[in-house]
Amino acid sequence: MDFVTAVKTCLGKYATFQGRAPRSEYWFFNLFYFIISLIASVIAGASDGALSVLPVVLMIGLFVPSLAVSVRRLHDVDKSGWWMLIFLVPVIGFILMLIWFCKRGTEGANRFGDDPLAGAA
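Labelled according to an unreviewed UniProt entry, the chain appears under the name Integral membrane protein, originating from Paramagnetospirillum magnetotacticum MS-1.

This is how it looks when you write it as structure tokens:
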């Protein structure tokens, strides 16, 4: 999956918490989120306070698709979306989630759906 397809997929599945997301979809969407946040912060900083709310609006607007793609990514490694709550555990939660987000997804179908890479292979 390329960058543009990943962003379109995540925004198209704005609040879809079912199914699976491959690593490329998750990481490309996070790259998009980072770039857009960086641009919004630069614009807000250069506007002398007139657009200081822009990064906050962006963060609120992209929170749900970011959460949805994270849950679908966990589904791809055969974990429930409720595992997102492990982020509340300092350090250990972040490390564990990073490992799962980098891990290759379950080959073939799992309890959350078909392999999203099966058609691409």
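Could you clarify how one ought to interpret a nonpolar patch on the surface in this entry?
On the surface, a cluster of nonpolar side chains totalling about 850 Å² of accessible area is made up of Trp27, Phe87, Val89, Val91, Ile92, Phe94, Ile95, Leu98 and Ile99. Take Ile99: it is sitting in helix α4 (residues 92–102).

Just to check I follow, could you spell out the UniProt feature "transmembrane region" (unreviewed entry) in the chain for this structure?
Annotation from UniProt places "transmembrane region" (unreviewed entry) at residues 26–44, 50–69 and 81–101. As annotated, residues 26–44 comprises 100% helix and 0% strand, and the C-alpha atoms at either end are separated by 27 Å.

Sorry if this is basic, but what is going on with unusual backbone geometry here?
Negative phi is the rule for most residues except glycine; trans is the rule for most peptide bonds. Even without a glycine there, the phi angle at Asp78 is positive, about 65°. Tracing the sequence through the fold places Asp78 in the loop between α3 (54–76) and α4. In this structure, Val91 takes a positive phi of about 60° despite not being glycine. Note that Val91 resides in the loop between α3 and α4. Overall, Val91 belongs to the exposed group, its relative accessible area being 58%.

Rules behind the numbers
- Residues numbered from 1 in each chain as written.
- Predicted model: local features only at pLDDT ≥ 70, side-chain atom pairs only at ≥ 80, totals over all residues.
- Heavy atoms only, no water.
- Patch = residues over 30% accessible without salt bridge, like charges linked within 9 Å, V, L, I, M, F, W, Y side chains within 5 Å.
- Areas by Shrake-Rupley, 256 points an atom, 1.4 Å probe, with all protein chains shown as cover.
- Salt bridge = Lys/Arg side-chain N within 4 Å of Asp/Glu carboxyl O.
- Helix = DSSP H or I, 4+ residues; strand = E, 2+ residues; numbered from the N terminus.
- UniProt positions renumbered as here; feature names shortened; annotations may be inferred.
- Buried < 20%, exposed > 50% of the residue type's maximum accessible area, 1.4 Å probe, protein only.

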